[in-house]
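Remarks on the overall topology
If you want the building blocks of each chain, they are given just below.
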Amino acid sequence: MKKREMYDCLVVGCGMAGTVIASELAERAGKKVLVLEMRDHIGGNAYDHLSESGILVHQFGPHIFHTDNKRVFDYLSRFTQWRNYSHEVVGDINGKLIPIPFNLNSLHLAFESSKATRIEQKLIAIYGLASKVPILDLRRQPDTDLADLADFIYNNIFLYYTQKQWGLAPDEIDALVTARVPVVISYDNRYFQDTYQGIPAQSYTSLFEYMLNHPNIELRLNSDARRMLRLESGKVFFDGSPFNGTVIYSGPTDELFDCRYGRLPYRTLDFVFETYDITWYQSRGTVNYPVDQEYTRITEFKHLTGQALDGRTTIVKEYPRAYTGADNETPYYPIQNPENTTLYERYRKLTDEFPQVHLLGRLAEYKYYNMDAIVKKALELADTLMK
């Protein structure tokens, strides 16, 4: 048997999208699957590991699992137990830590007592408890208190943070994006309200190891699929020979076609890790900096992982910037606007000529996904392929 015929499926990328689909096709469909990963580790951006200081760190920023989808939760729970963790985020606003998203606790920290109480009563009367109200709705109300609240959130939580995160001037920020910034009429400080929340009890990397531990899966790290995979005249070639099996591609779609129409724009991040000889650096897992500092947020990992270690802790600061495509950069956030969506569609249409190729994931679909959403998408694609 020729080597290329040993595999029924090629999966490009070993993040959440690639790992779930590889596991499903190997186990449920009995397919021989080859997984190609250009990095030297599994797990994609969810990869975690023990640092030289003995701290379990998330190498590419904090990852907190949350979902309302029972199928997704049950599926992942086959491969991990969970640490019960509900993420809380605060924003450092002129030295005062205020819960984000902005809620009723935030309100009483941001405004003097009588005004905060007055605004709270108006919010509950108009919208009801547990509602999420976009600040654009507040601005439409003929009430100066609600307008003041909307202006405070816009100027102190949204504006500078968004400028840093996306590299935009104030007049370039889409009004529709601004409109979605919410006020949560609740005293619940949790960042997510999903039914299922937590962190893999052992580690994310262990979760991926268990998913990939199947005799039908072969994993190759440090393997750049762009050098092995070629799409030409309706045919797929692997290592120079025709490949007739299924291809799941979770890498950047523009790079699959050598960026022939130009590179799709992304934002990337520089992560600066710092270790201190103290037990705790900050009061929450993540502190945002929406009014000052060049970084957007600081995450302290022991809050997330529950690691018990006195006298030492590690934090990471995140500095956003434009993605250039350099080898040492990672594309994190697709910049979705009409022009970029049109460019992506040009690349996506190129795959129509290759029905055995399926685009899956944030990079391949040029769309931001939370972890649970991409697990759901991968499970559904597996369902479809097995029909």
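Under the annotation held in an unreviewed UniProt entry, the chain carries the name UDP-galactopyranose mutase and is attributed to Desulfosporosinus lacus DSM 15449. In its Sequence similarities (unreviewed entry) section, UniProt records this for the chain: "Belongs to the UDP-galactopyranose/dTDP-fucopyranose mutase family." Reading the Cofactor (unreviewed entry) entry of the UniProt record for the chain gives the comment "FAD".

A few words now on the environment of A17. Structurally, A17 is set in helix 1 (residues 16–27). Along the sequence, A17 and T117 sit 100 residues apart, while their C-alpha atoms lie 46 Å from each other. Once residues within four sequence positions are removed from consideration, A17 is found in contact with S250, L360, G361, I374 and A378.

Looking now at unusual backbone geometry. Look at the link from I100 to P101: it is a cis peptide, with omega at 0°. On the secondary structure map, P101 appears in the loop between strand 8 (96–100) and strand 9 (102–103). A positive phi angle, close to 55°, is found at D239, a residue other than glycine. Checked against the element boundaries, D239 lands in the loop between strand 15 (235–238) and strand 16 (241–242). Residue classification places D239 among the partly exposed residues on the basis of a relative accessible area of 47%.

Helix 13 (residues 371–386) packs onto helix 2 (residues 70–77) with a crossing angle of 90° between their chain directions and a minimal axis gap of 9 Å. By the angle between their axes, helix 2 is roughly perpendicular relative to helix 13. Along its contact with helix 2, which presents R71, V72, Y75 and L76, the element helix 13 presents D372, V375, K376, L379, E380 and D383. Across the contact of helix 2 with helix 13, the residue classes break down as 5 nonpolar, no polar and 5 charged.

All right, on to the side chain of T313 then. Tracing the chain through its elements places T313 in strand 21 (residues 313–322). Under the relative-accessibility criterion, T313 is labelled buried at 0%. Of the polar contacts made by the side chain of T313, one reaches the side chain of E300; its length is 2.7 Å.

Segmentation of the chain into domains returns domain 1 (3–52 + 65–83 + 199–265 + 334–385), domain 2 (89–184) and domain 3 (266–322). Spacing between the C-alpha centres of domain 1 and domain 2 amounts to 37 Å.

Let's shift gears to the environment of L136. Mapped onto the elements of the fold, L136 is located in helix 5 (residues 135–140). For the pair L136 and A147, spaced 11 residues apart in the sequence, the C-alpha separation amounts to 9.3 Å.

All right, on to the nonpolar core then. Counting residues in each nonpolar core, the largest one holds 42 residues, and the members touching the most others are I21, V33 and M211. Elements supplying a minimum of two residues to this core: strand 1 (9–12), helix 1, strand 2 (33–36), helix 2, strand 12 (196–200), helix 8 (204–212) and helix 13. Those residues in contact with I21 that sit more than four places away from it in its chain are V11, I248, L360, A378, L381 and A382. Counting 30 residues, the second largest nonpolar core, distinct from the first, contains L10, C259, Y323 and A364.

Our focus in this paragraph is the pairing of strand 21. Of all the 10 residues making up strand 21, 7 are buried; the element is thus mostly covered by neighbouring parts of the structure. Pairing of strand 18 (residues 266–276) with strand 21 involves 10 bridges; the strand directions are antiparallel. Residue pairing in the sheet places D270 in a bridge with Y319 of strand 21. Where strand 20 (residues 297–300) meets strand 21, 4 bridges bridge the pair, whose relative direction is antiparallel. When the bridges of strand 21 are listed, T299 appears paired with V316.

This model, assessed by the stated rule, comprises 26 salt bridges. Across the pair E345 and R348 runs a salt bridge, and its minimum N-O distance is 3.0 Å. Pair noted here: E345 and R348 are both in helix 11 (residues 338–350), with a separation of 3 residues, about one helical turn. Take E345: its relative accessible area is 27%, and that puts it in the partly exposed class. Here K377 makes a salt bridge to E365, at a shortest N to O gap of 2.5 Å. Taken as a pair, K377 in helix 13 and E365 in helix 12 (residues 362–365) lie far apart in primary sequence, 12 residues in all.

Reading the values: rules and limits
Residues numbered from 1 in each chain as written. Predicted model: local features only at pLDDT ≥ 70, side-chain atom pairs only at ≥ 80, totals over all residues. Heavy atoms only, no water. UniProt positions renumbered as here; feature names shortened; annotations may be inferred. Helix = DSSP H or I, 4+ residues; strand = E, 2+ residues; numbered from the N terminus. Contact = heavy atoms within 4.5 Å. Buried < 20%, exposed > 50% of the residue type's maximum accessible area, 1.4 Å probe, protein only. Axes fitted to C-alpha atoms, helices over the stretch in contact; angles between N-to-C directions. Parallel < 35°, antiparallel > 145°, perpendicular 65-115°, else oblique. Nonpolar A, V, L, I, M, F, W, Y, C, P; charged D, E, K, R; others polar. Polar contact = N/O pair within 3.5 Å; in protein donor to acceptor, adjacent residues only side chain to side chain. Domains from an automatic or database assignment. Core = buried A, V, L, I, M, F, W, Y, C linked by side-chain atoms within 4.5 Å. Pairing = 2+ DSSP bridges. Salt bridge = Lys/Arg side-chain N within 4 Å of Asp/Glu carboxyl O.

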